[in-house]
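Architecture at a glance
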Protein chains: 2
Amino acid sequence: MTSQVSPSASQASLAIGQRSLGDPSVRFPLWPPLTSGCPVTSTDSVSYPVEVDYAYDEVPAGLFTTAPGRPRGHERWAPLLPPLRAPGLGEGGTPLVPLGDGLWIKDESRNPTWSHKDRINRVTVSAAVGAGAQGIVVASSGNHGASAAAYAARAGLRCVVIGSAGRPPAVDAFLRAYGAVVLPVPEDARWPLLRRIVERFGYHPVSNVTPTHTGHAFGPEGYKTLAYEIYTELGVPAAVFLPTGYGELLFGVWKGFAELVTLGLADRVPRLYSCEPEAGGPLAAAVRDGVPATRVPVGETAAYAIDCAVGGYRGVVALRESGGHPLLVSDQRMAAARAELARAGLWAELSAAAGLAGYRQLGQAVVEGPVVCVSTSSGFKDRDLLDSAVAADVDPEDWAEVERRVGGG
Amino acid sequence: MTSQVSPSASQASLAIGQRSLGDPSVRFPLWPPLTSGCPVTSTDSVSYPVEVDYAYDEVPAGLFTTAPGRPRGHERWAPLLPPLRAPGLGEGGTPLVPLGDGLWIKDESRNPTWSHKDRINRVTVSAAVGAGAQGIVVASSGNHGASAAAYAARAGLRCVVIGSAGRPPAVDAFLRAYGAVVLPVPEDARWPLLRRIVERFGYHPVSNVTPTHTGHAFGPEGYKTLAYEIYTELGVPAAVFLPTGYGELLFGVWKGFAELVTLGLADRVPRLYSCEPEAGGPLAAAVRDGVPATRVPVGETAAYAIDCAVGGYRGVVALRESGGHPLLVSDQRMAAARAELARAGLWAELSAAAGLAGYRQLGQAVVEGPVVCVSTSSGFKDRDLLDSAVAADVDPEDWAEVERRVGGG
């Protein structure tokens, strides 16, 4: 029996170079990937990111209408991604789960390491392979580190994860499984140590190393596939609500829809809403102050995956160009949204529920048309995973007690 | 912007009735679903399961060749499943991840609750809704309970999970998120209590209640979709290796391929290999003894998801009809397979690695052609999740120590 649907050979990337977000006329060759933002336009106070440009006029006809033989993986979108030099794990292709009333949850816990970060790490580890690095280094105590470790393992690269105290209980086991070297250090020491490891070992950084956030030039390109997937299923929704830390996810989703407009496939982009913990919120502060990026104090929040003190210009671009708005959500609202998702059968991390929390806070009357809330990760990743009480044993002969519990009394 | 690919309305089920595996001429109407095996052919020592029959001559042309608008969910295969009365979560549609040399891993950790059990629970909870039950009850300390709880929550049914000591650390948080009632009781008390709750509350059982395993009549139908997915991507592989507990997964995968032969789409089924922990292995014992199902003592094993003392006739049928074989694998081999998967970027539960462990044990020379090993669940589910040491803090100023750790010295 031969294959029913031939897997098409991976198509070539149409990436043609890097371009500064600080000034789009400032261009760089595609290689090496810039991991410290734009060296031309960045200042002492603001670091501008770099993005990837493509030969859009060469995008194959049918890229968005022909369903693939294999259902999953960045390969489907290879023309509009940087070169995929590292092997994949079938990242992306996550379902849109309906919650009724035109509301859809994009369940990113269905990725290879159970968070949206796999979309970015297929791309950044590919950059590391393309750049000839022997390893990667990442500062993360959660999803990003685990995902980077998985892709590094698959590509045969070494991986150093610089963590901090307060890592979720399962994360060490997770990282160890992939063979990563974990270096827990005090919070403030993470980025200086990362830079030093880059310099000493030549490892490729897949975390930020600049004063305001720029991250990896290629990384957010991986998030564009979220927009492509939403488009092929729903068309262009009215709005997308996204948990927001450094704004890379926000930017990637905006850019993906913007490319669909460039390609003549869509006539508009959805309005994007960034959902940050109200304990911090550097993007909301930057928008309020009319600056490209800023730094804020961060108070107490359990949404550790998005509790950023510093923002980046990508988020400002995405909100401005989509006509969107920044939202600040409380831990209480995130917990309520997490509970709402669980009642619908989706167990999300607290931070992952920020998108739905933002939508509920704004009120659905504000948005007319289909709405997508991105849920970024699984409930297994939460710090408070093991804090709540374990169910007490019950004596099976004590039928009154069984009845009380089953009856909810 | 309108939808690019219209989601086709869910197609109707072609299920026409239930049929005994003990004697295929013994038939029952489709409703109510039989949850205690075949009442006609079962004896005091062997309980025969019941399966679902379909109007195969009415299967829509193109069911297996037309890629769906929405990529995920049992809806795609609705004609060949019992009626989908409970809402879905985009179950199935998991990727085949290549490991080289014609070996593919079917990564079932990419399901809604991160295990293969979602394929079965969409179907059993649908049966509960169809039967008019107000709740479901399940005996499980792991994947099956969590999955049943998620689908029950989504369907608005109550869910009672009868657990036992030695539950994995994350499972209580998992079940509580979905609002399930957890009743931890001694191991032996689980099934009598389950029966009593069924009788008293009228809850629909989605666990076994018979002396040898029969389980739910509709359940294994949900596993057929695994075969359909493998077929649409790879055609018919040479062999499939599966972690095996009660043999429901094994039977479902066999039946899916057998249906493709019935429909004239395939000319053979793959050889199936059941992979049980060598500490137990009721299916291997039944095959050895030439009986439909048997009971064995179970020694120490960490593969808690498949450490069954009792088997069922479904497994015997699947091995016999596919020309397959039972394999017994040690914990050591499962741990080695789990490590091999992690090096490839896939973090699996120990039990989930039993398929690959069986394949490595048999030796690849035995099988000619593409091989699929099913990896059933995520590493987050293991009991020993938190047993291993947490990485020690490092002083970022102690560069010699950093170098030693990064260098692997």
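Quantities reported herein were computed from a predicted structural model and do not represent experimental measurements. (Residues numbered from 1 in each chain as written. Chains lettered and ligands numbered in written order. Predicted model: local features only at pLDDT ≥ 70, side-chain atom pairs only at ≥ 80, totals over all residues. Heavy atoms only, no water.)

This part takes up the side chain of S47 of chain B. All names here are of chain B. Here S47 shows up in the loop between β2 (27-28) and β3 (50-54). We classify S47 as buried; its relative accessible area is 3%. With sequence-adjacent residues up to four places away left out, S47 is seen in contact with S42, T210, P211, T212, H213 and T214. (Helix = DSSP H or I, 4+ residues; strand = E, 2+ residues; numbered from the N terminus. Buried < 20%, exposed > 50% of the residue type's maximum accessible area, 1.4 Å probe, protein only. Contact = heavy atoms within 4.5 Å.)

All right, on to the packing of aromatic side chains then. The geometry of an aromatic ring pair is captured by two quantities: the separation of the ring centres and the angle between the planes. With the rule as written, the count across this model stands at 37 aromatic pairs over all chains. Ring centres of W347 of chain A and F380 of chain A lie 5.0 Å apart, and the angle between their planes is 70°; this geometry places the pair in the edge-to-face category. Pair noted here: W347 of chain A is in the loop between α9 (331-343) and α10 (354-362) and F380 of chain A is in the loop between β13 (371-375) and α11 (399-406), with a separation of 33 residues, a long-range link. Both residues of the pair, W347 of chain A and F380 of chain A, belong to the buried class. Ring geometry for W347 of chain A and F174 of chain B: centres 4.7 Å apart, planes at 20°, overall stacked. Taken as a pair, W347 of chain A in the loop between α9 and α10 and F174 of chain B in helix α3 (residues 171-177) lie in two separate chains rather than in one. Using a relative accessible area of 8% as the deciding quantity, one classes W347 of chain A as buried. Of the residues examined, F174 of chain B reaches a relative accessible area of 1% and is grouped as buried. A network of ring pairs unites the aromatic residues W114, F174, Y178, W347 and F380 of chain A together with W114, F174, Y178, W347 and F380 of chain B as a single cluster. (Phe/Tyr/Trp six-rings, centres within 6.5 Å; stacked < 30°, edge-to-face > 60°.)

Right, let's talk about the interface of chain A and chain B for a bit. Each partner contributes residues to the interface: chain A has 91 residues there, and chain B has 90 residues. With both sides pooled, the region where chain A packs onto chain B buries about 7,400 Å², and carbon together with sulfur makes up 60% of that total. If you look at where chain A meets chain B, you find two salt bridges. Close ionic contact of R200 of chain A with E403 of chain B constitutes a salt bridge, the shortest N to O distance being 2.3 Å. (Buried area = accessible area lost by both parts, 1.4 Å probe. Salt bridge = Lys/Arg side-chain N within 4 Å of Asp/Glu carboxyl O.)

Right, let's talk about the environment of E75 of chain B for a bit. Residues and elements named next belong to chain B. Take E75: it is sitting in the loop between β3 and β4 (96-100). Using a relative accessible area of 30% as the deciding quantity, one classes E75 as partly exposed. Here the alpha-carbon distance between E75 and S274, two residues 199 residues apart in the chain, equals 28 Å. At a separation of 2.9 Å, a polar atom in the side chain of E75 contacts the side chain of R122. (Polar contact = N/O pair within 3.5 Å; in protein donor to acceptor, adjacent residues only side chain to side chain.)

Turning our attention to the relation of the copies chain A and chain B. Take chain A, turn it by 180°, move it 0.0 Å along the axis, and it overlays chain B with an RMSD of 0.0 Å. The superposition of one copy onto the other is thereby described by a two-fold rotation axis. Within chain A, R110 of chain A has its C-alpha nearest the rotation axis, a separation of 2.5 Å. Of all interface residues in chain A, 99% are interface residues in chain B too; the two copies therefore contact each other through one and the same surface. (Least-squares fit on C-alpha atoms with pLDDT ≥ 70 in both.)

Time to look at empty space enclosed by the protein. Under the definition given, this model contains three cavities of 30 Å³ or more. Counted as a void, the largest cavity has a volume near 50 Å³. If you go around the largest cavity, the residues you meet are T244, G245, Y246, G247, P282, L283, A286, A293, G311, G312, G315 and V316 of chain B. Among the elements of the structure, α7 (282-289) and α8 (313-322) of chain B are those that each provide at least two residues to the lining of the largest cavity. In terms of residue count, the dominant contributor to the lining of the largest cavity is α7 of chain B (three residues). For the second largest cavity, the full set of lining residues is P112 and W114 of chain A together with D107, S109, L346, W347, A348, S375 and S377 of chain B. Looking at the lining of the second largest cavity residue by residue, the classes come out as five nonpolar, three polar and one charged. (1 Å grid on protein atoms, 1.4 Å probe; cavity = no way out; pocket = protein on both sides within 12 Å on 5 of 7 lines; lining within 4 Å. Points joined across faces, edges and corners; volume = space filled by probe spheres on them. Nonpolar A, V, L, I, M, F, W, Y, C, P; charged D, E, K, R; others polar.)

As a further point, take the pattern of salt bridges. Counted under the stated rule, the structure contains 44 salt bridges over all chains. Close ionic contact of R404 of chain A with E401 of chain A constitutes a salt bridge, the shortest N to O distance being 3.2 Å. Remark: E401 of chain A and R404 of chain A occur in helix α11; sequence separation between them is three residues, near one turn of the helix. The residue D53 of chain B makes a salt bridge to R19 of chain B at a minimum N-O spacing of 3.7 Å.

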